[in-house]
Amino acid sequence: MASVRKIASVAGVSPATVSRILNNDPDVDQKTRESVLKIANELGYSPRIGRRVKTIVGIALPSDPPPDLGSFNGAIVAGASRGCRDEGFNLAIVDLLTERKPSEAYTQLFSRLGIRGIILRRLPSLEEILQELAVESYPHILLADRTDDERISWIDTDSRTPSREAVRHLIELGHKRIMIGRYSGGGSDTVDRYEGFREAHQEAGLEIDSRLVVDCGDGLEDGARAIDFAFSLPNPPTAVYMTHSMSSLGALRRLQERGVRVPEDVSLVGLDDCDSRLITYPRMTSVRQDAYDMAYRAARWLVRTLESPSEPYRETIRGLFEVNQTTTLAPDAPVRVLPDGRLVLTEKP
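Residues numbered from 1 in each chain as written. Predicted model: local features only at pLDDT ≥ 70, side-chain atom pairs only at ≥ 80, totals over all residues. Heavy atoms only, no water.

Caption draft 1: View of the overall build of the chain. Counting its secondary structure elements, the chain contains twelve helices and 14 strands. Relative to its full complement of 349 residues, the chain shows a buried share of 52%. Long-range pairs, those at least 24 residues apart, make up 68% of the contacts in the chain between residues at least 6 apart in sequence. For the chain, the exposed surface amounts to about 16300 Å²; the carbon and sulfur share of it is 48%. (Helix = DSSP H or I, 4+ residues; strand = E, 2+ residues; numbered from the N terminus. Buried < 20%, exposed > 50% of the residue type's maximum accessible area, 1.4 Å probe, protein only. Contact = heavy atoms within 4.5 Å. Areas by Shrake-Rupley, 256 points an atom, 1.4 Å probe, with all protein chains shown as cover.)

Below you can see the structure in the form of C-alpha cells.
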C-alpha cells in the first residue's frame, strides 16, 4: 500500500501537502490536488483507518429517492456481490449524496472509504462523476448504460433488437395501435427500446400515433397511470409495450383491476430484469435483460483490473424477447379458423 511519503515523493510535493489534499483542505491549488489524487490512485493508496481493507469494491446507487432493492437494483446488487466474492473481494453500497463531504472529490471519497474501484449506475451528476474518474484514472465501470467517451469502461444490454422483435410480434398478430410506456429515467437502454419500437413500425409501414408514446416512471403506480391514460383515449390501443420492469407489473395489475382481459382484449409486452415474468398471471411476454449476469461480469472485470490494469472495457450483452401468455391476435384482426382450431390472420399486416 502506498504511503503519504511515497505519494509526496512521486508528486514532488511535501507530505504535508499530500495530507492536506487527502483530508480535503479547500485551500490547496486545484491542479496540485488533481495531480496528487491521480498519483494516489495509481499507487493504490488507501487510508489506514480502523479496520478498512484493500478488498472492497463499491457500487453507487441513487439515494433520492432511496434505492429500490427490488427487481433491477436487487439483481445488480446480488450479481455484483457474487462477482466480488468469487474474486476474493467484498461489495459495499455507496450513497454518494450522504457520504460525500462538501467540495470532496469523488476519487477522494472512495479512497477515504477504503474502496478500490466503483460500479456506477445512472445517477444525478453522472457525467461529472465519469469525467473525474476518467481524469484521475480511478478504476470504474458503468453498468446498464454506455458512453462514447473512450476513457470510460461500461457494460450494457442490447435492448433495441429484442424491442424491435417484440413490436414486430405484436404487428404480426394484427395490432396496429400499439402504445409504448417509455421509461422517463433516461439512459441508452431507454433510447434503444424506443428505437426498436420505431423501427418495427417503419418496417411494417405503420405510422406511430404520438398519443401512444407515453413517458412513464419506474414504479407500479406509473404503469397503472399509463394504462388509465390509454383507456381514456377515444380509440384505445389493442397492445401495450412497457419498457420498465416495475411499470410492466403495474400495467398488468391495472388492466386486471379494470376487468380488461389479457391478452384477449389487450396484449401486453413487459420488460423483465430478472424473473418477474415467471410470477405473473398470465405469464408475461417480455423483453429480457439479465441484470444479475451483467453486474456479475462487471464486478469480476473490475476486481481483475485492480490487480492487472487494462484498457477501458466495453461489452454489450444481447437481450432476449420471450413470448409467453400475454399476447395474442388483435381483437379486430381479420382471422380464420384452421381445422385444428387455431386462429390465423387472413391478411398480412
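Here the narrative resumes, following the displayed structure.
Caption draft 2: The arrangement of the environment of K176 in detail. With respect to the helices, strands and loops of the structure, K176 is situated in the loop between helix 8 (160-172) and strand 6 (178-183). Taking relative accessible area as the criterion, K176 reaches 53% and is therefore assigned exposed. Separated by 62 residues in sequence, K176 and T238 place their C-alpha atoms 7.6 Å apart.

Caption draft 3: Main features of the side chain of D192. Here D192 is to be found in helix 9 (residues 188-204). A distance of 2.9 Å separates the side chain of D192 from the side chain of R146, its partner in a polar contact. Excluding residues within four positions of it along the chain, D192 makes contact with R146, T157, S159 and R160. (Polar contact = N/O pair within 3.5 Å; in protein donor to acceptor, adjacent residues only side chain to side chain.)

Caption draft 4: Geometry of the pairing of strand 6. Extensive coverage of strand 6 is indicated by the burial of five of its six residues. Regarding topology, helix 9 serves as the crossover connection from strand 6 to the parallel strand 7 (residues 213-216), and that connection is right-handed. (Right-handed = clockwise from strand over helix to strand, strands pointing away.)

Caption draft 5: Structural view of helix 7 (residues 126-136). Along helix 7, the residues classified as buried are L126, I129, L130, E132, L133, A134 and E136. The positive-phi residue at the C-terminal boundary of helix 7 is S137, with phi of around 55°.

Caption draft 6: Local environment of the packing of helix 2 (residues 15-22) against helix 3 (residues 30-42). Following both chains from N to C, one finds helix 2 and helix 3 inclined at 90°, their axes separated by 10 Å at the closest point. The orientation of helix 2 with respect to helix 3, classified from their angle, is roughly perpendicular. Taken together, the residues of helix 3 that come into contact with helix 2 (itself represented by T17, V18, I21 and L22) are T32, R33, V36 and L37. Each residue belonging to the contact of helix 2 with helix 3 can be placed in one class, and the counts come to five nonpolar, two polar and one charged. (Axes fitted to C-alpha atoms, helices over the stretch in contact; angles between N-to-C directions. Parallel < 35°, antiparallel > 145°, perpendicular 65-115°, else oblique. Nonpolar A, V, L, I, M, F, W, Y, C, P; charged D, E, K, R; others polar.)

Caption draft 7: Structural detail: the sheet that holds strand 2 (residues 90-94). Read across the open sheet, the six strands follow the order 2-1-3-4-5-11; overall the sheet is parallel. With one partner strand each, in any of the chains shown, strand 2 and strand 11 (314-318) form the two edges of the open sheet. Averaged over all pairs of adjacent strands, the angle between strand axes in this sheet comes to 20°, irrespective of strand direction. (Pairing = 2+ DSSP bridges.)

Caption draft 8: Fine view of the nonpolar core. Ranked by internal contacts, the top residues of the largest apolar core, which has 25 residues, are V57, I76, I119, I141, L143, I155 and M294. Put simply, the parts of the chain that give this core at least two residues each are strand 1 (56-60), helix 4 (71-86), strand 4 (140-143) and helix 12 (291-307). Ranked by residues supplied to this core, first place goes to helix 12 with nine residues. In this structure, I129, L130, L133 and L142 belong to the second largest nonpolar core, which totals 21 residues. (Core = buried A, V, L, I, M, F, W, Y, C linked by side-chain atoms within 4.5 Å.)

In short, shape yes, function no, at least from these values alone.
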